[in-house]
Structure formats: structure tokens, C-alpha cells
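Overview (structure and organization)
Here is how the chains run, residue by residue.
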Amino acid sequence: MTERELDAAGIHDPGLRTAYTWCRGVNARHGRTYFLATRMLAPVQRPAVHALYGFARRLDDIVDEPDPEATPRSLAERLSEVEGRFLADLGDGGSGDPLLTAVIDTASRYGLEERLFRAFFSSMRMDLHVTDYATRADLDVYVHGSAEVIGLQMLPILGAVSSRAEAAPRAAALGKAFQLTNFLRDVAEDFERGRVYLPADELAEHGVDRERLSWCARHGRADAPVRAAIKEQIAVTRRIYAEARPGIAMLHPVSRPCVATAATLYGRILNRIEDADHDVFAGRATVSRRRRLAVACGALTRSQWARVRHSAPRPAVA
């Protein structure tokens, strides 16, 4: 975290500055595309974004990167412990944990609702015992807590020129589109962990089940039915991007280049899957650093120009 960002956000307490700096480091190490997009935001906005990313990353790691001796029961207990501690600290307005300190400060500054954090914890708990989703509606329950709430938490930080009620569904849809893109990119990796984040009934329409996915995993390539199923899932995801895209114009002008850049880069992951003939088992689809920088350079110019013309949105509580 640069001194400039912390000063711009009005974060002067030494403990808070340390907490936010820690969160920025997590984002820089683990969220390449996400971190790049945050560089398009005004300095005043960045600390809060980094805090939310760090919080989500910690919970993801509890579930996805457990200690070797961990059991589903011990992980559930650990997650419940973290949730209870966080909600208690959120109510008290402070924490002894550097990460939670930053998140609670962000929640206070931007008026983030407790129910959104509870929904996120709920989806993380699902990851401990749910390995398949029978229908799109079932998957949507998980995605609401794991992704849509992120879009809703980001909205006050990004600011909006429309009403919050009008912009919120678009913000939620963009978070959902990003998550579904991750699911498609990570089909093979998730399957190794025993999870399938694609609706079973939609896969079944193409003759795809766990046995077929297992064959693809063993052979390191997707067969024709799996490729057809992935093609359909990409079409569904693109429709959600189309639903979300009008929301970019509803954001504060300073925030639009950042969100547009993230949407473009995530959309290109889908392009890469298509370029590989929808073979999500042959390798992980990624956008090259060169392409990321090419997209970011133009967006950075637009974001700087927007900051010249407009004052950045600020938190409701300073």
C-alpha cells in the first residue's frame, strides 16, 4: 500500500495502515488480474478493495488449501470459529487481527451490510460438503454468496450515478459472470478436488456425468460431449455478462475503466477456452501478461483522464 493511497483514503491510524498494507500484499501476490484492475481505481478507493480481496482470499484458503491433517469436520469448526470471531468483531467495530481490522474499517466506512458477509460464509460452508449442483438454481444459491455479494460490496466503493437499487442487480450479475468464468477455466482443477461447479442436469443433456469427466481427467483431454457441454456453459456465461454490462455506465465515471478492464480480461478467458476447442482438461486457459498489459494501458489512460475531470467517490463515513 503506498502512502499516497492511505493518505487519500484518510487512513492515518498506524495499526490500520499496517492492516491495509498487508491486504494489498495479498492481492498483489495472488490476484493478478484483479490487482491489475485495481490500479485503474483512484487511490482513495484502493485500500477498501484490497481489504475485501484479502478477506475473501483467507476464507477460500481455509476451504481450498487446508492443512494435510484437516478433516471436513475440523474445517467446518475452523470456518465457524472465523465467522463467529468476525461477526463479533464487526459488531464491536474493531479486531486484533490485522486483516479483520481492515475489513471492519472498510465495512464501517462504506456501510457494508452484515448480511452480505453472512452469505459469503454460507457459501464457503457449502464447499465443505457440497460437491455437485443438480440444477442451475442450486448453483445460483452458492454463487450468490461466493460472487454476487462481492459485486454488491464493491458497489459503494465504486460509486454510482444511478440509484443503488438500479445498479445493484448489474453489480451482482458481473460478480456472477466472473465466478462462472472461473468455474469454466478451473474445471479440471476443481474436479481433482472432487468438485463440479457446473449444473449436472445441463451437463447430462450432452451425456456428461462424473464418470465421463473422470475419463477426461485421466487422459488429460476433453472428449466431444464435454466440449459441447462447455460450449453451452460459455454461452450461458456470456448472457450474464450481457446482463451485467449496462451496469458499467451506471458507475461513477472514475470507476468505469477499472470495471470495464476486469470484464474485458475475464471475457478473454472465455475466448481462450474457445480457442482451445473448449478442451478445459488440456490446460488452464489464461490471458497472457502481454495481453493484460495491452488492455490495461488504454484503460489506465482513460482512468487518469476520468480522475482529472471528476472527483473520486468517497466513503459515506470518513
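Here, residues in each chain are numbered from 1, in the same order as that chain's written sequence. Note on the predicted model: pLDDT of at least 70 is required for a residue's local features to be given, and 80 or more for side-chain atom pairs to be given and counted; whole-chain, interface and lining totals, by contrast, use all residues. Side-chain numbers come from the whole structure's heavy atoms, not from hydrogens or water.

We now examine the nonpolar core. Here is a general trend for soluble globular proteins: nonpolar side chains tend to be buried in one another's company. By convention a nonpolar core is built from buried Ala, Val, Leu, Ile, Met, Phe, Trp, Tyr and Cys residues, the set being connected through side-chain atoms within 4.5 Å. For each residue, the accessible area found with a 1.4 Å probe, counting protein chains only, is set against the maximum for its type, and the residue is called buried under 20%, exposed over 50%, and partly exposed in between. Counting 103 residues, the largest nonpolar core has F55, L59, F86, F117, I230 and F281 as its most contacted members. Runs of H or I in DSSP of at least four residues are treated as helices and runs of E of at least two as strands, each being numbered from the N terminus. If one sorts the elements of this core by residue count, helix 9 (residues 164-185) sits on top with 11 residues. For F86, the contacting residues outside a window of four places in its chain are F55, L100, V103, I104, F117 and F121. The contact rule is simple, with two residues in contact once any of their heavy atoms fall within 4.5 Å.

Any two rings among Phe, Tyr and Trp, with Trp reduced to its six-membered ring, count as a pair given centres within 6.5 Å; such a pair is stacked if its planes are under 30 degrees apart, edge-to-face if over 60, and tilted if neither. Inspection of every chain in the model, using the stated rule, returns 13 aromatic pairs. Judged by centre distance (5.8 Å) and plane angle (80°), the ring pair of F55 and F121 falls under edge-to-face. In this pair, F55 is assigned in helix 4 (residues 46-64) and F121 in helix 7 (residues 114-129), connecting sequence segments 66 residues apart. Exposure class is identical for F55 and F121. Each is buried. When the centroid spacing of 4.4 Å and the interplanar angle of 25° are considered together, the rings of F178 and Y266 count as stacked. Here F178 is found in helix 9, whereas its partner Y266 is found in helix 14 (residues 256-275), with 88 residues between them in sequence. Classification of Y266 as buried rests on a relative accessible area of 13%.

Once that is clear, we can look at the packing of helix 4 against helix 8 (residues 136-158). The relative placement of two packed helices is expressed as an angle between their axes plus a distance between the axes. Structural elements are reduced to axes, namely lines fitted to C-alpha atoms, with helices fitted over the stretch in contact, and the angle between N-to-C directions of any two is expressed from 0 to 180 degrees. Following both chains from N to C, one finds helix 4 and helix 8 inclined at 170°, their axes separated by 10 Å at the closest point. One element, helix 4, and the other, helix 8, form an angle in the roughly antiparallel class. Between helix 4 and helix 8 the crossing geometry is right-handed. Contacts from A48, V49 and L52 of helix 4 reach helix 8 at Q153, M154 and I157. Any residue that is not Ala, Val, Leu, Ile, Met, Phe, Trp, Tyr, Cys, Pro, Asp, Glu, Lys or Arg is counted as polar, Gly included; the first ten are nonpolar and the last four charged. When the residues that make up the contact of helix 4 with helix 8 are grouped by side-chain class, the tally is 5 nonpolar, 1 polar and no charged. For this classification, under 35 degrees means roughly parallel, over 145 means roughly antiparallel, 65 to 115 means roughly perpendicular, and everything else is oblique. Crossing handedness follows the turn of the near helix against the far one: under a right angle anticlockwise gives a left-handed crossing, and clockwise gives a right-handed one.

Of note in the backbone geometry, D277 takes a positive phi value of approximately 55° without being a glycine. Looking at where D277 falls in the secondary structure, it is placed in the loop between helix 14 and helix 15 (289-309). Although it is not a glycine, H278 adopts a positive phi angle of roughly 65°. Take H278: it is sitting in the loop between helix 14 and helix 15.

Before going further, it helps to spend a moment on the pattern of salt bridges. Throughout this description, the term salt bridge denotes a Lys or Arg side-chain nitrogen within 4 Å of a carboxyl oxygen of Asp or Glu. Going through the model one piece at a time under the given rule, you end up with 24 salt bridges. A salt bridge links E5 to R46, with the shortest nitrogen-to-oxygen separation between them at 2.7 Å. Of the two residues, E5 sits in helix 1 (residues 3-8) while R46 sits in helix 4, which places them 41 residues apart along the sequence. Of the residues examined, E5 reaches a relative accessible area of 0% and is grouped as buried. Residue R109 is joined to D105 by a salt bridge in which the shortest nitrogen-to-oxygen separation is 2.6 Å. Placement of the pair is R109 and D105 together in helix 6 (residues 98-110), with a separation of 4 residues, close to one helical turn. The pair R109 / D105 is uniform in exposure class, with both members buried. A single network of salt bridges, built from pairs that share partners, joins R185, D186, E189, R193 and R284.

Here a helix's expected span is defined as the number of its residues, less one, multiplied by 1.5 Å. In this model helix 5 (residues 72-92) runs 30 Å from its N-terminal to its C-terminal C-alpha over 21 residues, within 8% of the 30 Å that 1.5 Å per residue would give. Buried residues of helix 5: L75, L79, V82, E83, F86, L87, D89 and L90, and no others. Considered in projection along helix 5, the buried side chains sweep an arc of 165° and stay on one side of the axis. Pointing more than 90 degrees away from the buried face of helix 5 are the exposed residues R73, E81, G91 and D92. As for helix 5, its buried residues are in contact with helix 4, helix 6 and helix 7. The first or second residue beyond helix 5 is G93, which carries a positive phi of 85°. Arc definition: directions from the helix axis to the C-beta atoms.

Bringing helix 12 (residues 210-219) into the picture now. Residues adjacent in sequence count toward polar contacts only when both atoms are side-chain atoms; beyond that, a polar contact is any pair of N or O atoms within 3.5 Å, and within protein one must be able to donate a hydrogen and the other to accept it. Between the side-chain oxygen of the N-cap and the backbone nitrogen of E211 there are 3.2 Å, and the N-cap of helix 12 in question is D209. Following helix 12 by one or two positions, G220 has its phi on the positive side, about 70°.

Our next topic: the environment of E211. Position of E211 relative to the elements: it lies in helix 12. For E211, a relative accessible area of 64% corresponds to the exposed category. Between the C-alpha atom of E211 and that of V280, which follows or precedes it by 69 residues, the distance is 16 Å.

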